[in-house]
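# Examining the three-dimensional arrangement
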Amino acid sequence: VQLQAFGGGLVQAGGSLSLSCAASGRTFSRYGMGWFRQAPGKEREFVAGISWSGGSTYNEDSVKGRFTISRDNAKSTVYLQMNSLKPEDTAVYYCAAGLDGFARTSPSGYIYWGQGTQVTVSS
């Protein structure tokens, strides 16, 4: 599976961004999908995950109520809608396809990774 993330950019605190991740190569609907982020000097951390059907989603505590993960299997795309952005959300955001159809919270549960897209939130 090849993954390519889009939609990063610079936004003021309180603003919104929508990330997309387009998949190609294998049957997208087989995979649970996730978004992770990595800030400078920090480890990669889980942001949100979604099961193969979209029926189960999980968000990291700091983004609950602000970020929403969704997917469109017909378009082989997973999305991350980010609202009420904060400076601490600044990071490179990565999409990933999982070992199976479940949504997982650990990077070890994912085997395919996109190239990352930079999100910068100014105060």
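Anyway, here's the lowdown on the structure attached to this text. (Residues numbered from 1 in each chain as written. Predicted model: local features only at pLDDT ≥ 70, side-chain atom pairs only at ≥ 80, totals over all residues. Heavy atoms only, no water.)

## Observations concerning the sheet that holds strand β7 (residues 67-72)
Taken together, the four strands give an open sheet; going across it, the order is β1-β3-β8-β7, and neighbouring strands pair in antiparallel fashion. Looking at which strands have only one partner, the edges of the open sheet turn out to be β1 (2-6) and β7. Across the sheet, the mean angle from the axis of one strand to that of its neighbour is 15 degrees, orientation sign disregarded. Across six bridges, strand β3 (residues 17-24) lies against strand β8 (residues 77-82) in antiparallel orientation. Counted as the bridge partner of A22 is T77 from β8. (Pairing = 2+ DSSP bridges. Helix = DSSP H or I, 4+ residues; strand = E, 2+ residues; numbered from the N terminus. Axes fitted to C-alpha atoms, helices over the stretch in contact; angles between N-to-C directions.)

## Overview of the packing of aromatic side chains
Inspection of the entire model under this criterion finds five aromatic pairs. A ring pair is formed by Y31 and Y112, whose centres lie 5.9 Å apart and whose planes are at 90 degrees; its orientation type is edge-to-face. A residue pair is termed long-range when its members are at least 10 positions apart, and Y31 in the loop between β3 and β4 (33-38) and Y112 in strand β10 (residues 110-113) qualify at 81 residues. Taking the relative accessible area as the measure of exposure, Y31 reaches 8% and is therefore buried. In this structure Y112 comes out as partly exposed when scored by relative accessible area, which is 23%. Three or more aromatic residues joined by ring pairs form one cluster here, namely F36, F46, Y110 and W113. Positioned above the aromatic ring of Y94 is the side chain of R44, whose terminal nitrogen or guanidinium carbon lies 3.8 Å from the ring centre. A cation sits over an aromatic face here: R44 above W113, 4.8 Å from the ring centre. (Phe/Tyr/Trp six-rings, centres within 6.5 Å; stacked < 30°, edge-to-face > 60°. Buried < 20%, exposed > 50% of the residue type's maximum accessible area, 1.4 Å probe, protein only. Lys NZ or Arg CZ within 6 Å of the ring centre and 35° of its normal.)

## Re unusual backbone geometry
A positive phi angle, near 50 degrees, is found at S76, a position not held by glycine. Mapped onto the fold, S76 is located in the loop between β7 and β8. Of note, S84 is a non-glycine position whose phi angle comes to about 50 degrees, a positive value. Checked against the element boundaries, S84 lands in the loop between β8 and β9 (91-98).

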